[in-house]
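Listed below are the residues making up each chain.
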Amino acid sequence: MIVERRFFGTNGIRGILGKDLMLDFIIEISQSIGTYFDKGPILIGYDGRFSSPLISKAVSAGIMASGLDVMEANLTPTPGLQCAVKKLGYKGGLMITASHNPPQYNGIKVVGSDGVEISREDEAKIERIYFDKSYRKADWKCIGNCTQENSVIRNYIKSVLSHVDINAIKKREFRVVLDPGNGAAAIAAPYALSSLGCKVLTINGHVDGDFPGRGPEPTPSTLSGLSDAVKSYNADVGIAYDGDGDRAIFCDEKGVIHWGDRTGALLLDYILSKNQGSLVITTVSTSQIVDFVAEKNNSKVLRTRVGSVDVSRAMIENNALLGLEENGGFFYAPHMQTRDGLMTSVLMLEALSFINKPLSEILDTFPKFYQRKAKFDCPNEIKKIVMEEIERKSFGRVEKIDGVKIWADESTWVLLRPSGTEPLIRVFGESKDADKLDELIDKYSSITKESIEKIKRGGLG
Ligand code: MG
């Protein structure tokens with residue numbers, strides 16, 4: 001079910017402080033969140049953005065004003081906060097972060113007592129409390145307390161390491177280059193990997209709200225520094241994180257950066273080989289390499305809408321072992337049903353120690369799929385009608401989990417999706433055959449362009 005929400009986007013509330021994210025709004029929405037949780041204590045953490053400490057204070061004020069106690073975790077990667085909420089017995093958590101967005105943005109992510117972002121339905125409940133102004137205003141004697149929680153990072157590293165074979169990893173004495181991109185992962189990942197006997201070289205390792213190194217979004221085009229460092233340090237692997245440390249992108253020993261669907265497939269294969277017959281949750285836009293690996297290990301794949309919350313919630317509902325997003329999000333349920341860059345990193349080190357081959361060689365054993373993407377400007381208000389028009393003009397097997405996914409043959413598909421955050425329609429496709437893929441993307445790019453023009457001209461014809 002799609003729930004209409006006004007403030008909560010794909011990943012919580014996002015905006016620019018003082019522009020579309022005002023302090024009085026933050027206090028009132030936090031009071032509404034406190035009312036939704038009903039009981040405390042609530043743990044509050046933040047990423048390394050300039051506006052994070054201030055927003056955290058306003059969020060604390062709102063929660064305390066609703067009568068709940070607050071514990072402040074201060075600077076932490078998002079999965080560190082989520083892990084503390086789950087393991088240290090909090091009733092809920094709030095993370096101040098805008099993940100990979102540019103430095104001026106910030107946001108609020110709401111986490112339930114299980115450490116996972118609350119559902120879309122619960123986000124809508126909070127919005128209703130806000131709009132009805134039915135949030136609790138605690139009497140002066142009943143306002144919440146605020147104290148410090150100092151064990152978040154220690155608890156996080158301990159929890160992550162408890163899920164891997166520490167001795168097997170230590171024996172290999174891996175050489176690893178870490179690139180936290182000046183984000184919050186810098187305060188946990190280098191220490192965790194050093195404790196696994198790795199020789200760690202860290203680049204962009206100081207936390208800085210301007211993200212001066214390579215920006216907060218790790219993509220093949222922003223990671224040339226990591227690639228160079230891996231080659232000159234003669235490292236076994238390089239790992240880059242996004243701004244709040246919940247996603248990890250890997251670089252092989254030759255300096256080649258790999259997208260998250262291929263390295264994720266390696267991890268799936270390694271974990272599923274020991275857990276045959278499991279369930280994997282992934283999004284509608286993820287490569288069919290996931291199906292290939294699942295089938296090989298007698299396991300099943302269930303696809304959701306695009307968004308990490310959708311993956312997490314589907315994992316809980318279906319008792320899935322693993323989850324995967326192509327952007328480097330990897331979910332390992334025994335740890336948490338939420339993505340975690342550090343957990344992903346140590347699972348990769350364990351896989352490398354047992355498979356005992358260079359990362360590039362292991363990745364070469366997986367089938368190659370070609371992928372292509374395009375995007376077209378489309379005003380938000382006509383997106384829905386444009387999508388209906390595209391669907392009318394499409395032929396082949398159609399799936400409608402999120403947007404329209406059209407299968408041209410067994411291994412060739414194109415996905416057309418309106419962007420959740422920008423006035424765009426995205427076209428993304430995959431095939432084993434490069435020519436077939438080009439033909440399909442060109443065809444649906446034309447259909448998309450024509451549909452947008454037609455609706456703009458004002459007729460559905
Ligand atoms: Mg993130």
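Residues numbered from 1 in each chain as written. Predicted model: local features only at pLDDT ≥ 70, side-chain atom pairs only at ≥ 80, totals over all residues. Heavy atoms only, no water.

Draft legend 1. View of the sheet that holds strand E9 (residues 199-202). If you walk across this open sheet you meet the 5 strands as E9-E8-E10-E11-E12, and the pairing is mixed. Looking at strand neighbours, the two that pair on one side only are E9 and strand E12 (257-258), the edges of this open sheet. Relative to strand E10 (residues 237-241), strand E8 (residues 175-179) runs parallel, the two being bridged by 4 bridges. In the sheet register, Val-177 faces E10, and the bridge partner there is Gly-238. The strands that helix H8 (residues 224-232) touches are E8, E9, E10, strand E11 (248-251) and E12; relative to E10, the one it contacts most, it runs at about 155 degrees. (Pairing = 2+ DSSP bridges. Helix = DSSP H or I, 4+ residues; strand = E, 2+ residues; numbered from the N terminus. Contact = heavy atoms within 4.5 Å. Axes fitted to C-alpha atoms, helices over the stretch in contact; angles between N-to-C directions.)

Draft legend 2. Unusual backbone geometry, seen in detail. Going from Gly-40 to Pro-41, the amide bond is cis rather than trans, its omega being 0 degrees. Tracing the sequence through the fold places Pro-41 in the loop between helix H1 (23-37) and strand E3 (42-46). One non-glycine residue, Asn-204, lies in positive phi territory at about 50 degrees. Along the chain, the position of Asn-204 falls in the loop between E9 and H8. Given the relative accessible area of 23%, Asn-204 is considered partly exposed. (Buried < 20%, exposed > 50% of the residue type's maximum accessible area, 1.4 Å probe, protein only.)

Draft legend 3. Structural view of the coordination of the magnesium ion. Protein-derived ligands of the magnesium ion are Ser-99 (OG), Asp-242 (OD), Asp-244 (OD) and Asp-246 (OD), with the metal-ligand distances lying across 2.0 to 2.2 Å. Mapping the donors of the magnesium ion onto the primary sequence gives the spacing S-x142-D-x1-D-x1-D. Judged by its relative accessible area of 0%, Asp-244 falls in the buried class. (Donors = N, O, S within 2.8 Å, 3.2 Å for Na, K, Ca; no water.)

Draft legend 4. Region of interest: the side chain of Asp-244. Within the element layout of this structure, Asp-244 appears in the loop between E10 and E11. Of the side chains bearing the opposite charge, Lys-109 lies closest to the buried Asp-244, which forms no salt bridge; the N-O distance is 5.0 Å. For Asp-244, the side chain forms a polar contact with the side chain of Thr-78, separated by 2.5 Å. (Lys, Arg positive; Asp, Glu negative; His and termini not counted. Salt bridge = Lys/Arg side-chain N within 4 Å of Asp/Glu carboxyl O. Polar contact = N/O pair within 3.5 Å; in protein donor to acceptor, adjacent residues only side chain to side chain.)

Draft legend 5. Broad picture of the layout of surface pockets. Estimated volume of the second largest pocket: approximately 360 Å³. Lining the second largest pocket are 19 residues, with Gln-288, Asp-291, Glu-295, Trp-407 and Glu-410 sitting closest to its centre. Looking at which element gives the most residues to the lining of the second largest pocket, the answer is helix H10 (residues 289-296), with 4 residues. Classifying every residue of the lining of the second largest pocket gives 6 nonpolar, 5 polar and 8 charged. (1 Å grid on protein atoms, 1.4 Å probe; cavity = no way out; pocket = protein on both sides within 12 Å on 5 of 7 lines; lining within 4 Å. Points joined across faces, edges and corners; volume = space filled by probe spheres on them. Nonpolar A, V, L, I, M, F, W, Y, C, P; charged D, E, K, R; others polar.)

Draft legend 6. Up close: the packing of aromatic side chains. Tallying each qualifying case throughout the model produces 8 aromatic pairs. Taking the centre distance of 4.7 Å and the plane angle of 65 degrees together, the rings of Phe-7 and Phe-25 count as edge-to-face. You can see Phe-7 sitting in the segment before strand E1 (8-9) and its partner Phe-25 sitting in helix H1, a full 18 residues away along the chain. Given the relative accessible area of 23%, Phe-7 is considered partly exposed. Here Phe-25 falls in the buried class, since its relative accessible area comes to 13%. Three or more aromatic residues joined by ring pairs make a cluster, and in this case those are Phe-7, Phe-25, Tyr-130 and Phe-131. Cation over ring: Lys-133 sits above Tyr-130, and NZ or CZ is 5.9 Å from the ring centre. Against the face of Tyr-233 rests Arg-175, its NZ or CZ located 4.2 Å from the ring centre. (Phe/Tyr/Trp six-rings, centres within 6.5 Å; stacked < 30°, edge-to-face > 60°. Lys NZ or Arg CZ within 6 Å of the ring centre and 35° of its normal.)

Draft legend 7. Quick look at the packing of H1 against helix H2 (residues 52-65). Relative to each other, H1 and H2 sit at 45 degrees, their axes nearing to 7 Å. Taken together, the axes of H1 and H2 lie oblique to each other. Of the two possible hands of crossing, H1 and H2 adopt the one that is right-handed. Only Leu-54, Ile-55, Ala-58, Val-59, Gly-62, Ile-63 and Ala-65 of H2 make contact with H1, whose side of the interface consists of Leu-23, Ile-26, Ile-27, Ser-30, Gln-31, Ile-33 and Gly-34. (Parallel < 35°, antiparallel > 145°, perpendicular 65-115°, else oblique. Left-handed = near helix turned anticlockwise from the far one by under 90°.)

Draft legend 8. Representation of the packing of helix H9 (residues 260-274) against helix H12 (residues 341-355). Between H9 and H12, whose axes approach to 10 Å, the crossing angle comes to 65 degrees. The pairing of H9 with H12 is recorded here as roughly perpendicular in orientation. Between H9 and H12 lies a crossing of left-handed hand. Here Thr-263, Leu-266, Leu-267, Tyr-270, Ile-271 and Lys-274 of H9 come into contact with H12, specifically with Thr-344, Leu-347, Met-348, Glu-350, Ala-351, Phe-354 and Ile-355. Along the lines of polarity and charge, the residues of the contact of H9 with H12 split into 9 nonpolar, 2 polar and 2 charged.

Draft legend 9. Broad picture of the pattern of salt bridges. Evaluated as defined, the whole model comprises 28 salt bridges. With its nearest N and O atoms 3.4 Å apart, the salt bridge here joins Lys-57 to Glu-72. Separated by 15 residues along the polypeptide, Lys-57 in helix H2 and Glu-72 in strand E4 (residues 70-75) bring together distant segments of the chain. According to the relative accessible area criterion, Lys-57 is exposed, its value standing at 52%. You can call Glu-72 buried: its relative accessible area is 3%. Among the charged side chains, a salt-bridge network with shared partners connects Glu-389, Arg-392, Lys-393 and Lys-454.

Draft legend 10. Broad picture of the pairing of strand E14 (residues 300-304). Alignment of strand E13 (residues 279-283) against E14, held across 5 bridges, turns out to be parallel. The residue of E14 that forms the bridge with Val-280 is Val-301.

So, to be careful, I would describe these as geometric facts and stop short of saying anything about function.
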